[in-house]
Amino acid sequence: MRNDLIIGLDIGSSFVRAVAGRQNASGKLEIIASGKANTVGHILRGEIVNINKTSAAIAEALKKISGALEGKNTDYYFSSNLSGSHINVQPYTSIKVRKNPREAVSLQEIHALIEEAKKPVLEKNPCLLHTLPIGFKVDNLPTTTDPVGQIGQKIQADFMVVTANPDKYSLLVQCLVAAESDHIKKGNVYFSPIAASTAVLSPEEKEEGVVLVDIGSGTTEISVYQNKVLVQASVLNWGGDRLTEDIRIGLNVSLENAEALKTTFGSAISKLIDINEVVMIPGIAGRKPTPVSVKNLAIILEERLKELAAKILAEISKIGDPQSFKSGIVLCGGGAQLPDIAELFQKITDLECRVGVPMVVQNSQASEEIHDPSFATAIGLVQVYYEQLDQAIPTEEHEPTTIGDSSGDSGKGGKDKPGIKNIFSRVVDVLMGSNEADGEY
């Protein structure tokens, strides 16, 4: 059990979602508080367009969970996310000739190899979010995720490298800094799918091959896992706001009513809806209500979602045979809340499909809303913190520490306390990486 309390901060195109969580006595993630604030119009397709209002929304979401935080003199650390089509995920290979081929490969050697691989990537783009190892090969031995102990002359390391547009990253950091409070400050930034995957995917699914599809309001993120590692990821400029716009045009209603129709009466399969089912839309300024066919609403949603499912299948096919991903597709994000969406995606892609609900324990102070696919990223951001602590390499210089130590203030003895950045710098990120751009921003 870890007593550290960490805050997950998912900054999306419709809402900022914040959760505060810790590991309980059983080692399971327990969410003790949650809150959200509206960002509509301030973030478009995952990219910040209004710094002041985005910062205010982040601060509002944090304020909603601050009542559950313990201790006025404690500093709380948070993990936040970065998304948008500016994110670039690509493979990278590094090969090293070893000095002593008879000496066993060490964990420190692997860590040094990862650090060395970052240098040429950083020369092209200074905003390197993650360097994710996907496999190592020593001489002619089989590729493995754990080469420690093997011997050989040459070692090859294959990575997935995640970079971001430096300007977009800088905007996010500005908003986060502006939203910091006296006790909630300092954080790391992660590529959204890495966080969401920790909340809704099982180790078995990642082993057998699975496609995680996070449908947000502005973007859809597709990440593919096989043999426990991320093998591909992409971001589509396609989100739930397209559904809302289609409803607005197709049913001739206001944008506000279109969103309400989608979330309250929407369905992804139109044949399940009675043709006689009608919803009355309130008239403007005292005008008569307007009847809207729920069947027509479902037809609009179904046709647009078929398009999305086809795009996702095309992305999967770029990697290999879709049927090779035995665990199929897992849907999360706000768009995954739409009734019957898993059935529709399964029909179009011919892959098993389910909706991913975060696997957490709910504290009495937390809302029921956390058991929802829209909270996958926020909850995953908390889980990421604990996973990285578990992967850290303890040394005399870098001992495990608590959130309260993250400021690096000196203790009474005059020796600096190890900070969270120091811990993350020791991580050998086999499954995922820390924020390489600046450690802590």
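Residues numbered from 1 in each chain as written. Predicted model: local features only at pLDDT ≥ 70, side-chain atom pairs only at ≥ 80, totals over all residues. Heavy atoms only, no water.

1. Considerations on the sheet that holds strand S17 (residues 353-355)
Basically, it comes down to this: At least two bridges found by DSSP between two strands is the condition for calling them paired. Strands here are runs of E lasting at least two residues and helices are runs of H or I lasting at least four, both read from the DSSP assignment and numbered beginning at the N terminus. For helices, the fitted axis covers only the stretch in contact; all axes are lines through C-alpha atoms, and the angles between them, taken along N-to-C directions, range from 0 to 180 degrees.
Spatially, S13-S12-S11-S16-S17 is the arrangement adopted by the five strands of the open sheet, whose pairing is mixed. Edge strands, defined here as strands with exactly one partner in the open sheet, are strand S13 (229-236) and S17. If you compare each strand with its neighbour and ignore which way they point, the axes differ by 20° on average. Bridging between strand S11 (residues 210-215) and strand S16 (residues 329-332) involves four bridges; their strand directions are parallel. By the bridge assignment, Val213 is partnered in S16 with Leu331.

2. Describing the side chain of Lys118
To keep it simple, the criterion reads: Accessible area is worked out with a 1.4 Å probe on protein chains only. A residue is then buried under 20% of its type maximum, exposed over 50%, and partly exposed in between. Definition of a polar contact: a pair of N or O atoms within 3.5 Å, with one able to donate and the other able to accept a hydrogen when the atoms are protein atoms, and with sequence-neighbouring residues admitted only if both atoms are side-chain atoms.
Relative to the elements of secondary structure, Lys118 occurs in helix H2 (residues 107-124). Judged by its relative accessible area of 9%, Lys118 is buried. Engagement of the side chain of Lys118 in a polar contact is seen with the side chain of Glu115, the distance being 2.6 Å.

3. A word on the confidence of the model for the chain
What counts is decided by this rule: Per-residue confidence from the predictor is given as pLDDT, running between 0 and 100. Any pair of residues with heavy atoms lying within 4.5 Å of one another is described as a contacting pair.
Across the chain, pLDDT averages 85, with 85% of residues at or above 70. With pLDDT under 50 throughout, residues 393-439 is counted as low confidence; its partners more than four residues away or in other chains account for 115 contacts.

4. Some thoughts on the sheet that holds strand S7 (residues 88-97)
Strand order in the open sheet made by the three strands is S7-S9-S8, with antiparallel pairing throughout. Edge positions in the sheet fall to S7 and strand S8 (128-138), since each of these pairs with one other strand and no more. When strand polarity is set aside, the average angle formed by the axes of neighbouring strands in this sheet is 25°. Looking at chain direction, S8 and strand S9 (residues 154-163) are connected through nine bridges and run antiparallel. Residue pairing across strands places Phe136 opposite Ala157, the latter belonging to S9.

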